[in-house]
Amino acid sequence: MDKTEQKRAWLGVFTAVLPFWLLDLTLRAMAGSAGYYALYAAAPNLFSLGFGALFAALCLALPRRAGRIAYGVCYALWAVYAVVQYGVWRIFDRFLFLSDFLFAGEGLGFLGYVRQLLDLRFALFVLLLIVWGAFGVWRLPAGRALPRRRVCGGLTLFFALTQLAAPRCYAPVPETLDWDAWQSSGYEYRKFASSSYDMALTGPYQFVARDAFLSLAPDADEEAALAEIEAFLAERPARQDNEMTGLLRGKNLIMVQLESIDDFVLNEENTPTMARLMREGVNFTNFYTPQYANGYTFNTEFAAQTGLYPYANGNVAYSLSRSAFPDTLAHLLREAGYAANSFHKSEAKFYNRGAMHRAFGYESYHSALDYAANETEAGTDRFLADCDELYEKMIESQPFFDFIITYSGHLGYDERDALTTYALERYPEYLDPARPYEISGLFAKARLTDELFERLLERLTEDGLLENTVFFVYDDHYAYGLTDRAVLETYSAQAGGALLERTPCFFWYPGCTPTTVSKTLQTIDILPTLANLYGLPEPRTPGRDAFDPAYPGWAVFPDGTWLTDKAYVKNGAVEWNHGMAEEEIAQMNAYARRLAHVGDAILDTDYYRGR
């Protein structure tokens, strides 16, 4: 073989590595990772070049035909992974950790919605990945053209060296983990809690490898974790009794978690019954639903029930069904003599609710699918009140606590969604050609949810139960199911929320004094607030009672971003400040980071068992 052929063969080795790096760079660039960590930074590029070298070495060790097939298969698998992650990012602004793929079965039901993402931008992303892969397969050199053992050994050595070198390119981990620890890329790499940040730090290959390693690695010292939890909870001021303490003691409670009824959706036009209850009740006008886990509905469900946010880099629906949660509202009310049951459209295996709701303290989880004639009927929220069997289970024992998770507002909102079609046929007045079709679909589906409240009020009145019943209502997340982000942001801004995550939250009962609570609140405050209203023991969780005068109010997000009535700090940078002192900002930054860390420790150690 002459020198020209040798040069061509060695160039082929390089070009066999290159497509895997280009796949990574394309994913990070098109998913906005530069906002977290520079695209040209050494660490993610070293990781991806190293993994590309490893994959190339494995393929070059085979005869050329088999090597090309192996190369194509390997690249195709990673390309599919990248396409899935890019699609998830387009919807949720985050990526999936390995544990999140346990929800893949649930996600298959929303493929029709995902098709709406297939725009020019998505097509360009897929096309680039195909081009990189085809180029690599075409340029893969024949094994006979190279000293195979030496080349494969060198590529493998290069992979090992990048694994050693890349982590050393991150900023050092601070000796003391103060409020600004998040700014250290080394700290985030060690913690690996924010999927968007982590993908920017590592690229897809190391993202998977690191996630897998941490999932299998032994837990940190449990005694140290328990001490940290105890210290955090001890620092939290004890709840102060106030004018709302015990106000609802002995009353029946219907707690409703709304599906996608955003702050701009719940109004007199779209949801007249809910709007009346909110207007006549106690309205928390600055309530936020931070999303820690990728299962947005169950994220909020878990936080409202336990007073804890779930793992940011894992799921709890399948991993914590045997954990102890003695301070949930269901447990506390059952100890006070209540019956507690939960109701939703989906079957018990969806988000593992059958097991998780037992862990939350509910006697039974009831699925509308077990009683409805078809999916559409089960997905229409008023069916939960129309079905005599389900309604009887709600009221058969008194006092009762019913937890209802609505469904009608669920994505999608286009012509291909059967429930959207049904909603617009039932309420054709919502089909307004002057606005996007999805908005019309969202509003019409919200009206289906409103029918549930209308019907429950009717039946409870007929049975003489309404006078002693409270409705506590909150939303699971903002309407992320709208595929046009600009439309979502426009409607949300018009509603007046500081962030997209502002959602409705209120409670109502007959004779309630209309009240507006403007304090900034978050999902984990629901449990302690209801515990105070019902005169129950204070839950041992990071959440706080909304009516506690010692609680100024705040909302904390998984990346350390936080919001109060006075300031908004995003990733450590002050976005706006209306009178908060620098020392207060520093203290709040520290608290925001500790909240997620201690919450994870509580879940890791099954802290409440035996306590």
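Everything that follows concerns the structure shown earlier in this document.
Remember, it's a predicted structure, so these values are computed and weren't measured experimentally.

Parameters at a glance
- The residue count restarts for each chain, going from 1 along the sequence in the order it is written.
- The predicted origin of the model limits local features to residues at a pLDDT of at least 70 and limits the giving and counting of side-chain atom pairs to 80 or more, whereas totals for whole chains, interfaces and linings rest on all residues.
- Derived side-chain values reflect all non-hydrogen atoms in the structure, with water molecules and hydrogen atoms excluded from consideration.
- Patch membership requires more than 30% relative accessible area and the absence of a salt bridge. Residues of like charge join within 9 Å; the nonpolar side chains Val, Leu, Ile, Met, Phe, Trp and Tyr join within 5 Å.
- A 1.4 Å probe and the Shrake-Rupley method give the accessible areas. Residues count as covered only by the protein chains that appear here.
- By convention in these notes, a salt bridge is any Lys or Arg side-chain nitrogen within 4 Å of a carboxyl oxygen on Asp or Glu.
- The way it works is that DSSP assigns letters per residue, a run of H or I at least four long becomes a helix, a run of E at least two long becomes a strand, and they are numbered from the N terminus.
- A 1.4 Å probe that fits into a set of points on a 1 Å grid over the protein atoms alone but cannot get out defines a cavity; an open set with protein on both sides within 12 Å along at least five of seven lines defines a pocket, and lining residues are those with an atom within 4 Å of a point.
- Grid points are joined across faces, edges and corners, and a volume is the space filled by probe spheres set on the points.
- Any residue outside Ala, Val, Leu, Ile, Met, Phe, Trp, Tyr, Cys, Pro, Asp, Glu, Lys and Arg is labelled polar, Gly included; the first ten of those are nonpolar and the last four are charged.
- Grouping buried Ala, Val, Leu, Ile, Met, Phe, Trp, Tyr and Cys residues that are joined through side-chain atoms within 4.5 Å yields what is termed a nonpolar core.
- Partly exposed residues are those whose accessible area sits between 20% and 50% of the maximum for their type, while under 20% is buried and over 50% is exposed, using a 1.4 Å probe and protein chains only.
- The contact definition used throughout considers only heavy atoms, calling two residues in contact when any of these lie within 4.5 Å.
- Think of it this way: a Phe, Tyr or Trp ring, Trp meaning its six-membered ring, pairs with another when their centres are within 6.5 Å, and the plane angle makes it stacked under 30 degrees, edge-to-face over 60, tilted otherwise.
- Counting as a charge over the ring demands two things of the Lys NZ or Arg CZ atom: a distance within 6 Å of the ring centre and an angle within 35 degrees of the ring normal.

*Asks:* If you had to explain a nonpolar patch on the surface to someone new, which residues and values would you point to?
*Replies:* There is a patch of nonpolar side chains on the surface, built from Ile69, Val73 and Leu77 and spanning about 300 Å² of accessible area. Tracing the sequence through the fold places Ile69 in helix α3 (residues 64–92).

*Asks:* Describe empty space enclosed by the protein, naming the residues involved and giving the relevant values.
*Replies:* What the rule picks out here adds up to six cavities of 30 Å³ or more. Here the largest cavity defines a volume of roughly 120 Å³. Around the largest cavity, the lining is made up of 15 residues, and of these Tyr292, Tyr309, Leu595, Ala596 and Asp600 lie nearest the centre. In terms of residues, the lining of the largest cavity owes the most to one element, helix α22 (residues 582–605), which gives four residues. In the lining of the largest cavity, the residues fall into eleven nonpolar, two polar and two charged.

*Asks:* Give me the nonpolar core: which residues, what numbers.
*Replies:* Counting 76 residues, the largest nonpolar core has Phe284, Phe302, Phe401, Phe507 and Tyr534 as the members making the most contacts within it. At ten residues, α22 tops the list of elements feeding residues into this core. Once residues lying within four places of it in the same chain are set aside, the contact partners of Phe507 are Met244, Leu248, Gly281, Val282, Phe284, Val470, Phe471, Phe472, Leu533 and Phe547. Among the nonpolar cores identified, the runner-up in size contains 63 residues, and Phe343, Phe383, Tyr413 and Ala446 belong to it.

*Asks:* Give a detailed account of the packing of aromatic side chains, specifying residues and quantitative values.
*Replies:* All chains considered together, the criterion is met by 51 aromatic pairs. Arranged with centres 6.5 Å apart and planes meeting at 40°, the rings of Phe284 and Phe472 form a pair that is tilted. Of this pair, Phe284 sits in strand β2 (residues 282–284) while Phe472 is found in strand β7 (residues 469–475), placing the two residues 188 residues apart along the sequence. When its relative accessible area of 2% is taken as the criterion, Phe284 is described as buried. Note on Phe472: relative accessible area 1%, which makes it buried. Geometrically, the ring pair formed by Tyr338 and Tyr534 is edge-to-face, given 6.3 Å between the ring centres and 80° between the ring planes. Here Tyr338 is found in the loop between α13 (329–335) and β4 (339–344), whereas its partner Tyr534 is found in the loop between α21 (526–533) and β11 (555–556), with 196 residues between them in sequence. Take Tyr338 and Tyr534: they sit in the same class, and that class is buried. Cluster of aromatic residues (ring-pair linked, three or more members): Phe20, Phe51, Phe55, Tyr71, Tyr75, Trp78, Tyr81, Phe159 and Tyr205. Directly above the aromatic system of Tyr189 lies the positively charged group of Arg210, at a separation of 4.3 Å from the ring centroid. Positioned above the aromatic ring of Tyr407, the side-chain terminus of Lys345 is 4.4 Å from the ring centre.

Read these as layout, nothing more, since geometry by itself doesn't imply function.
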